Amino acid sequence: MASRVIPVDPFDLVIFGGTGDLARRKILPALFRRFCAGQMEEGTRIIGAARSQMDDVEYRAFVAEALLEFNSGHSGCEPGTIKRFQKTLSYVTLDARGEEGWDALAAKMHPGRVRAFYFSVGPSLFSDLAQRLHQYGMADHDARIVVEKPFGRDLATAQALNRSLAEHFDESQIYRIDHYLGKETVQNLMALRFGNMLFEPLWNSRYVDHIQITVAETVGVGGRGEYYDRAGAMRDMVQNHLMQLLCLIAMEPPAKFDPDAVRDEKLKVIRALGEVGRDDLVRGQYLADHEKPGYLEHVENPDSITESFIAMKLNVINWRWAGTPFYLRTGKRLSDRASEIAVVFKEAPHNIFTEDTGRHRNILTIRLQPNEGIDLDVTIKEPGPGGMRLVDVPLDMTFSEALGPDADDAADAYERLIMDVVRGNQTLFMRGDEVEAAWAWTDPIIASWEARGDKPIPYATGSFGPEDALALLHRSGRKWREIRA
Ligand code: NAD
């Protein structure tokens, strides 16, 4: 089943920070793949803008090198295509905080076509960029800005950032990116919930026992130690990515699949989140193993109490979910790199198969990585003679198997989100009030562990976090799902 590619009108995309890590690893390869897919019309221009001194020729060579390094393994792009793609590229040396380069950038703009500015620089430059775009006449109604995380480090900083962007751009022009929302499976979650009759009637506390959301990484903080130590897992992962996943699971059906309708419903979920008590939260910090250094060796502060792992029990306090806990966990240096959402349904109310002593539950698993796809565990009879013993088996919908090889090649999150910016579709981007509501919920939780001076619990590299995280579920007779990459 070949996916349909609808070309978009020629557009201009300026990447502030066009020589940085994110641009090299994600943004430029994503643009290249859309180019290969035939989605970019002749005349589209990609303009790198950063501090390094470079000309167009050097930037084209720089990008080609990045593509060779970070686009390998993707089919559909022939080596010769890089040369054609290079023609779309140019470069401006520019200082976000000074005047250098801004006249040159403004002179490049074509009026009357979509113009997107990707802020792929540190957040301390966001306001400067917005202000300069305005000052140099580029912040008109053709303009859109794309803002990377982190969007603030608490409610006050997020509000200040929102205010500074709002001085020059309307909310409809601001695209706050959360690449988790660009994942195929995450969108499929909405298709599954709102495109089928089967699930929605059961999607509530009457039938759902609990929900688990896991985002597990095997890497440590590595070279990001300085940033990470100021953030920790709560700010770096929960406030944004896990919160967004939770919203899509918990939200009411929007009246239509339209940016504000979807975001209104997500916002209501965040506002319905209950407080998280001390006993419902476990923070951890990874230890060294025989090969790799521990967390404290990656950061400057040898007494750091920042968490590299967090697990928590949350309550969404509304009619649909009261009584169904949501368990979230995320961390670094865990045993596997795997992310999934599991909706664990309640057991059948009465067991007629008395020979069977097992506990059986339907579990709907939405796998974000690896092998994006959806499983539904159903209970069937164990094959063979010997009576009615039951076994749980997954109905597997790995996309590449169900939809053919094209599904494997589906656009990655950055490809989809960048093209959504160009098309002007904000559905998969966070609105300012959503981000603020998420911080308003996060801030008191952080403040209370800081006030108590709680230290994270050390955990072994290659484990699944501190043992105490298991107890979060054990005390109510539940357990975390085993997750394997
Ligand atoms: P980086 O340090 O690798 O690159 C920064 C870029 O900004 C460089 O191109 C640099 O030239 C440019 N720059 C710095 N100061 C400038 C100035 N005064 N004027 C103009 N350009 C300037 O950073 P990165 O890892 O690419 O991250 C960029 C943003 O994306 C950050 O906000 C980061 O938090 C966010 N982010 C990065 C990743 C990632 O995987 N790297 C993932 C998610 C979010």
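Residues numbered from 1 in each chain as written. Predicted model: local features only at pLDDT ≥ 70, side-chain atom pairs only at ≥ 80, totals over all residues. Heavy atoms only, no water.

1. So, the UniProt feature "binding site: NADP(+)" (unreviewed entry) in the protein chain
Rules: UniProt positions are given in the numbering used here, feature names are shortened, and annotations may be inferred rather than shown by experiment. Secondary structure elements are taken from DSSP: a helix is a run of H or I of four residues or more, a strand is a run of E of two residues or more, and numbering for both begins at the N terminus. Accessibility here uses a 1.4 Å probe with only protein chains present; expressed as a share of the type maximum, an area under 20% marks a residue as buried, one over 50% as exposed, and anything in between as partly exposed. Here, two residues are considered to be in contact whenever any of their heavy atoms come within 4.5 Å of each other. Whenever two N or O atoms come within 3.5 Å, that pair is a polar contact, provided that in protein one can donate a hydrogen and the other can accept it, and provided that, for residues adjacent in sequence, both atoms are side-chain atoms.
Here, UniProt's "binding site: NADP(+)" (unreviewed entry) annotation points to G17, G18, T19, G20, D21, L22, A23, R24, R51 and K149. Considering the arrangement of structural elements, one finds R24 in helix α1 (residues 21-36). Look at R24 and you get partly exposed, because its relative accessible area is 21%. Residues within four places of R24 in sequence aside, it is in contact with T19, P29, F62, A66, E69 and F70. Here K149 lies in the loop between β5 (143-147) and α6 (155-166). For K149, a relative accessible area of 26% puts it in the partly exposed group. Within the local environment of K149, its side chain forms a polar contact with the backbone oxygen of D236, the two atoms lying 2.9 Å apart.

2. Focus on the pairing of β5
Threshold: Pairs of strands are assigned from DSSP output, requiring at least two bridges between the strands. Crossover handedness is defined by viewing with both strands directed away from the observer: a clockwise path from the first strand over the helix to the second marks the crossover as right-handed.
The buried fraction of β5 amounts to five of the five residues, a majority that puts the element mostly inside the structure. Here β5 shows a buried face lined by A143, I145 and V147 and a second buried face lined by R144 and V146. Bridge count between strand β4 (residues 115-119) and β5: five bridges; the pairing is parallel. Bridge pairing in β5 places A116 opposite R144. In this fold, the crossover linking β4 to β5 by way of helix α5 (residues 126-135) has right-handed handedness. Examined bridge by bridge, β5 and strand β6 (residues 174-176) share three bridges and lie parallel to one another.

3. Section: the site of the ligand
Condition: Residue proximity to a molecule or strand is established when one non-hydrogen atom of the residue lies within 4 Å of it. Accessible surface is estimated by sampling points in the Shrake-Rupley manner with a 1.4 Å probe; for residues, cover comes only from the protein chains shown. Under the grouping applied here, Gly and all other residues not named as nonpolar or charged are polar, the nonpolar ones being Ala, Val, Leu, Ile, Met, Phe, Trp, Tyr, Cys and Pro and the charged ones Asp, Glu, Lys and Arg.
Near the ligand, the surroundings consist of 19 residues, among which T19, D21, R25, A96 and V121 are the closest. Here an oxygen atom of the ligand sits 3.4 Å away from a polar atom, N or O, in the main chain of R51. A distance of 3.0 Å is found between a nitrogen atom of the ligand and a side-chain nitrogen or oxygen belonging to D95. Taken by itself the ligand offers 830 Å² of open surface, and the protein chains cover 75% of this. For the shell around the ligand, the element with the most residues is α1, which contributes three residues. Taken together, the residues that form the shell around the ligand break down as eight nonpolar, five polar and six charged.

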